[in-house]
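Here is how the chains run, residue by residue.
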2 protein chains.
Amino acid sequence: MTARKSGQNGAHKAAIRQENEAQILAAAELVFADYGFKGATTARIAEIAKVPKANVHYYFSTKEALYRRIMEDVCDHWLQAASTFDNSTNPAETLRGYIEAKMDLSRARPHGSRIWAHEIIRGAKFSSDYISTTVKSWLDSRVVVINRWIAEGKMDKVEPYSLMYMIFATTQHYADFSRQIEIFNNNNPLSDEQFTDAKENVVRIILKGVGLA
Amino acid sequence: MTARKSGQNGAHKAAIRQENEAQILAAAELVFADYGFKGATTARIAEIAKVPKANVHYYFSTKEALYRRIMEDVCDHWLQAASTFDNSTNPAETLRGYIEAKMDLSRARPHGSRIWAHEIIRGAKFSSDYISTTVKSWLDSRVVVINRWIAEGKMDKVEPYSLMYMIFATTQHYADFSRQIEIFNNNNPLSDEQFTDAKENVVRIILKGVGLA
DNA sequence: ATTTATCTTGACCGTTTGGTCAGGTTAAAA
DNA sequence: TTTTAACCTGACCAAACGGTCAAGATAAAT
């Protein structure tokens, strides 16, 4: 294949790089989600990505570098869902939007949620900085909003952190524990209908639970 | 030390066995909780248990045998907390009792909860039988109770599974994600006071959320 | 056509892994 | 006291681990 056949300026090489990196990242996300950082192996990642193991190390110098890259991706998506909390005029609408966004993220990217779970369970060795700065700032500012709603008598007086933890836990449960839910559902993954129903139930219980229904 | 010095009939040997097994089990619980089955190493377990690695294999033939034993323990404790759901006359009292029992279990035995989380995240390879029989039976019978409460107009019409998943997720979050909670709490573990407060908030939000307040 | 830069990979290396074992110590039984 | 059964452990092993590298293949630039 000549240079002319592809786009100009080394577009083919760039495409190869992008393709391979994407393949490796997708495989790594799967393997890290199943086994966490320590339990995952580069050989297994290579196998799933369908590239020789040496090629994994050509694109990502170390297992840790690959892991950190995956964590960045996971955090980016988390922040994206978080932004739903911005429109803070109507408490019920805002909370509903946030819960629904987090539920949808659990459905769309369960592996990311599982990687995060591994990371925290193990003690957040790689991400404690990110949590104590970026995530904590985000959370604290939402707590302020919730406290304002409470002060304005728009909702019940609840501990905002407890509420947020409940939302974190419940929404992520549908990703992290989907295998358990599947078994309870007679060994069938939740259908789109069942998931939508679950989402509505979660929203309703929480909104009513804090006096927003 | 002679046989006479200890109780009769080989009590000393039995005591040694019990002591060592307990030490190894405690260490294994810690290590499996941090790294899951695959990521945990027998060398690390031996180190924490303060016995030579060969001794770990003297008491537990393989890493998998040790892991299964730990899983049994975890399940036993889970079933113990589950029994709180038995007194099913008063919905609010029953649910409150169950939620509080699960919260207390997360506080008292966080490692067990984390091991369970690892196990499910990975796909419940060792425990799918236990879940699809024992746990599912337990859950389905509680769902019947909740549906009866709903039919009797004692609480809102909610999807019982969604409600139970919310309780699982939220209570276990205080064990599995305690490191994250700690960071949000300015790098301090929740005090007994804060935990009691969180527990009460969780109970209040859920009970009110399903129309039991 | 030749050079250069990037991509590819089988073979390899030192270390760590789960697990074994021979030979020892200790306590219970005879 | 002697025998027996259980406990203990340093040393070891094959396999799997993360990572390296030299040598070749491919495509872009000259």
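Residues numbered from 1 in each chain as written. Chains lettered and ligands numbered in written order. Predicted model: local features only at pLDDT ≥ 70, side-chain atom pairs only at ≥ 80, totals over all residues. Heavy atoms only, no water.

(A) Seen up close, the UniProt feature "DNA-binding region" (unreviewed entry) in chain A. Within the UniProt annotation, "DNA-binding region" (unreviewed entry) is assigned to residues 41-60 of chain A. For residues 41-60 of chain A, the helix share is 75%, the strand share is 0%, and the end-to-end C-alpha distance is 14 Å. (UniProt positions renumbered as here; feature names shortened; annotations may be inferred. Helix = DSSP H or I, 4+ residues; strand = E, 2+ residues; numbered from the N terminus.)

(B) Region of the structure containing the packing of helix α1 (residues 11-39) of chain A against helix α6 (residues 110-121) of chain A. All names here are of chain A. The geometry of α1 relative to α6 is characterised by a closest axis approach of 8 Å and an angle of 40° between their N-to-C directions. Classified by the interaxial angle, the pair formed by α1 and α6 is oblique. Considering only the axes of α1 and α6, their crossing is left-handed. From α1, Glu29, Leu30, Phe32, Ala33, Asp34, Tyr35 and Gly36 reach across to α6, where they touch His111, Gly112, Arg114, Ile115 and His118. Classifying every residue of the contact of α1 with α6 by side-chain character gives 5 nonpolar, 4 polar and 3 charged. (Axes fitted to C-alpha atoms, helices over the stretch in contact; angles between N-to-C directions. Parallel < 35°, antiparallel > 145°, perpendicular 65-115°, else oblique. Left-handed = near helix turned anticlockwise from the far one by under 90°. Contact = heavy atoms within 4.5 Å. Nonpolar A, V, L, I, M, F, W, Y, C, P; charged D, E, K, R; others polar.)

(C) Focus on the relation of the copies chain A and chain B. Overlaying chain A with chain B gives an RMSD of 0.1 Å, the required rotation being 180° about an axis along which the chain moves by 0.0 Å. Put plainly, the chains are arranged around a two-fold axis. A high fraction, 100%, of the interface residues of chain A reappear at the interface in chain B, so the copies pair face to face through one surface. (Least-squares fit on C-alpha atoms with pLDDT ≥ 70 in both.)

(D) Focus on the confidence of the model for chain A. Looking at chain A, pLDDT values average 93 and 95% of them are 70 or higher. Note that pLDDT drops below 50 for residues 1-7 of chain A; the model gives that stretch 2 contacts with residues more than four away or on any other chain. (pLDDT = per-residue confidence, 0-100.)

(E) Highlighting the side chain of Ser113(A). Of note, Ser113(A) is situated in helix α6. Residue contacts for Ser113(A): discarding those within four places in its chain leaves Gln172(A), Ala175(A) and Asp176(A).

(F) Representation of the UniProt feature "domain: HTH tetR-type" (unreviewed entry) in chain A. The residues that UniProt annotates with the feature "domain: HTH tetR-type" (unreviewed entry) are residues 18-78 of chain A. Along residues 18-78 of chain A one finds 87% helix and 0% strand; the C-alpha atoms at either end are 23 Å apart.

(G) Structural view of the pattern of salt bridges. All names here are of chain B. The tally for this structure, following the rule as stated, stands at 32 salt bridges over all chains. Taking the shortest distance from any N to any O, the salt bridge between Asp140 and Lys136 comes out at 2.6 Å. Note that Asp140 and Lys136 are positioned in helix α7 (residues 128-151) at a spacing of 4 residues, about one turn of the helix. A relative accessible area of 12% places Lys136 in the buried class. (Salt bridge = Lys/Arg side-chain N within 4 Å of Asp/Glu carboxyl O. Buried < 20%, exposed > 50% of the residue type's maximum accessible area, 1.4 Å probe, protein only.)

(H) Layout of the protein's contact with DNA strand C. Surrounding DNA strand C, one finds 26 residues, the nearest of these being Arg17(A), Tyr58(A), His12(B), Lys53(B) and Lys63(B). Among atoms of DNA strand C positioned within 4 Å of the protein, sugar and phosphate together represent 68%. Only α1 and α3 (53-59) of chain A together with α1 (11-39), α2 (42-49) and α3 (53-59) of chain B provide two or more residues apiece to the surface near DNA strand C. At 5 residues, α1(A) tops the list of elements feeding residues into the surface near DNA strand C. (Near = heavy atom within 4 Å.)

(I) Looking closely at the packing of aromatic side chains. Applying the stated rule across the entire model yields 34 aromatic pairs over all chains. Ring geometry for Phe32(B) versus Phe37(B): centroids 6.3 Å apart, planes at 20°, classification stacked. What makes Phe37(B) buried here is its relative accessible area of 17%. An aromatic cluster is defined as three or more aromatic residues linked by ring pairs; in this entry it consists of Tyr161(A), Tyr165(A), Phe168(A), Tyr174(B), Phe184(B) and Phe195(B). (Phe/Tyr/Trp six-rings, centres within 6.5 Å; stacked < 30°, edge-to-face > 60°.)

(J) Quick peek at the domain arrangement of chain A. Residues and elements named next belong to chain A. We note that the domain assignment places domain 1 (1-61) and domain 2 (70-209) within chain A. The centre of domain 1, based on its C-alpha atoms, is set 31 Å off from the matching centre of domain 2. Tallying the contact residues gives 10 residues for domain 1 and 9 residues for domain 2. The contact between domain 1 and domain 2 buries some 840 Å² in all, and 68% of this surface belongs to carbon and sulfur atoms. Contact with domain 2 buries area across many residues of domain 1, yet Glu29, Ala33 and Phe37 alone supply 59% of it, more than any other trio. (Domains from an automatic or database assignment. Buried area = accessible area lost by both parts, 1.4 Å probe.)

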